[in-house]
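# A structural walkthrough
Next come the chains, spelled out residue by residue.
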Amino acid sequence: MDRVRFGRALGYGARHAAKTLMQAADAATTSTPRRPGTAPERAAKPAAQTDRVAEKVVQTQRTVAATKKHAGKLGRSVWTPVARFSSVVWLQVTGLFFALIAMFLAQGAWKERAAWHLPLGSHAATKFYVLALAFAAFAYFSVSNFVRAYLRERK
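Note that the structure is predicted; figures quoted are calculated from it, not measured.

A word on the overall build of the chain. Within the chain, the regular secondary structure consists of three helices and zero strands. Along the chain, helices and strands appear, N-terminal first, in the series α-α-α. Counting only residues that meet the buried cut, the chain has 11% of its 155 residues in that class. Contacts spanning at least 24 positions in sequence make up 62% of the contacts within the chain whose residues lie at least 6 apart. Total accessible area on the chain is roughly 13500 Å²; 66% of this is exposed by carbon and sulfur atoms.

Pasting the structure below:
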């Protein structure tokens, strides 16, 4: 099928669908169907029918209110586990990064371990103590993040 024939067929289909849709919309918006040869008559609605309509309106309003209430609960019930899970994962990932940094600091301190016996004012001893202090801080951050993740996961 070439482009021209395909375009014509597609255009015809679109026009036909639009015409059918407009006829359906017109039929849905008319209040009473008209019969050929007769004039439209307005009949008075009985009181029972009016009461049924009012009852349906009230019931629909209650249904809408209940749906809104339950939709809010659904959002919370979906969001709460996702938020908890993502915060636990975030704590574990940052704890891992702190552990990696602590590992490299421990490696550097291990290389400088001979400076433990040198005087405190020497450059090598200062480097060792700074590395040991930084290792202790990052090890604490790592362990505390994993503990917080464990406690948050248990809630």
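Now that the structure is up, let's keep going.
The next thing to look at is the nonpolar core. Formed by L105, A109, A115, F128 and L131, the largest nonpolar core amounts to five residues. Where this core is concerned, the elements lending two or more residues are α2 (47-111) and α3 (123-154). Beyond its immediate chain neighbours, meaning those up to four positions away, A115 contacts A124, A125 and F128.

This next bit is on the pattern of salt bridges. Between side chains of opposite charge, a pair can form when the charged atoms approach closely. Counted by the stated rule, this structure contains one salt bridge. The salt bridge involving E112 is made with K127; its shortest N-O contact spans 3.6 Å. One end of the pair, E112, is in the loop between α2 and α3; the other, K127, is in helix α3, with 15 residues separating them in the sequence.

Here the focus is the confidence of the model for the chain. Looking at the chain, pLDDT values average 80 and 77% of them are 70 or higher. α3 holds the highest mean pLDDT among the elements of the chain, 94, whereas helix α1 (residues 3-29) holds the lowest, 68. Every residue in residues 39-43 is under pLDDT 50, and counting partners more than four places away or in other chains gives zero contacts.

On to α3. The terminal C-alpha atoms of α3 lie 47 Å apart, and with 32 residues this matches the ideal 46 Å at 1.5 Å per residue to within 8%. If you check which residues of α3 are buried, you get A125, F128, L131, S142, S144, N145 and A149.

Turning our eyes to something else, we now look at a nonpolar patch on the surface. Together, F85, V89, V93, L96, F97, L100, M103, F104 and F146 give the surface a local cluster of nonpolar side chains, amounting to about 860 Å² of exposed area. With eight residues, the top contributor of residues to the nonpolar patch is α2. For F146, the location among the structural elements is in helix α3. Residue F146 is classed as partly exposed on the basis of its relative accessible area, which comes to 36%.

Tallying each qualifying case throughout the model produces five aromatic pairs. Seen from their ring centres, F138 and F141 are 6.0 Å apart, and the 85° between their planes marks the pair as edge-to-face. Of the two residues, F138 and F141 both sit in helix α3, three residues apart, roughly one turn of that helix. Since its relative accessible area comes to 23%, F138 is described here as partly exposed. Assessed through its relative accessible area of 37%, F141 is described here as partly exposed. Considering the side-chain rings of Y140 and F141, the 6.0 Å spacing of their centres and the 55° angle between planes classify their relative orientation as tilted. Assessed through its relative accessible area of 55%, Y140 is described here as exposed. What links up through ring pairs into an aromatic cluster is the set F98, F138, Y140 and F141. Lying over the aromatic face of W110, R113 brings its terminal NZ or CZ to 4.3 Å of the ring centre.

What counts and how
- Residues numbered from 1 in each chain as written.
- Predicted model: local features only at pLDDT ≥ 70, side-chain atom pairs only at ≥ 80, totals over all residues.
- Heavy atoms only, no water.
- Helix = DSSP H or I, 4+ residues; strand = E, 2+ residues; numbered from the N terminus.
- Buried < 20%, exposed > 50% of the residue type's maximum accessible area, 1.4 Å probe, protein only.
- Contact = heavy atoms within 4.5 Å.
- Areas by Shrake-Rupley, 256 points an atom, 1.4 Å probe, with all protein chains shown as cover.
- Core = buried A, V, L, I, M, F, W, Y, C linked by side-chain atoms within 4.5 Å.
- Salt bridge = Lys/Arg side-chain N within 4 Å of Asp/Glu carboxyl O.
- pLDDT = per-residue confidence, 0-100.
- Expected span 1.5 Å × (residues − 1).
- Patch = residues over 30% accessible without salt bridge, like charges linked within 9 Å, V, L, I, M, F, W, Y side chains within 5 Å.
- Phe/Tyr/Trp six-rings, centres within 6.5 Å; stacked < 30°, edge-to-face > 60°.
- Lys NZ or Arg CZ within 6 Å of the ring centre and 35° of its normal.

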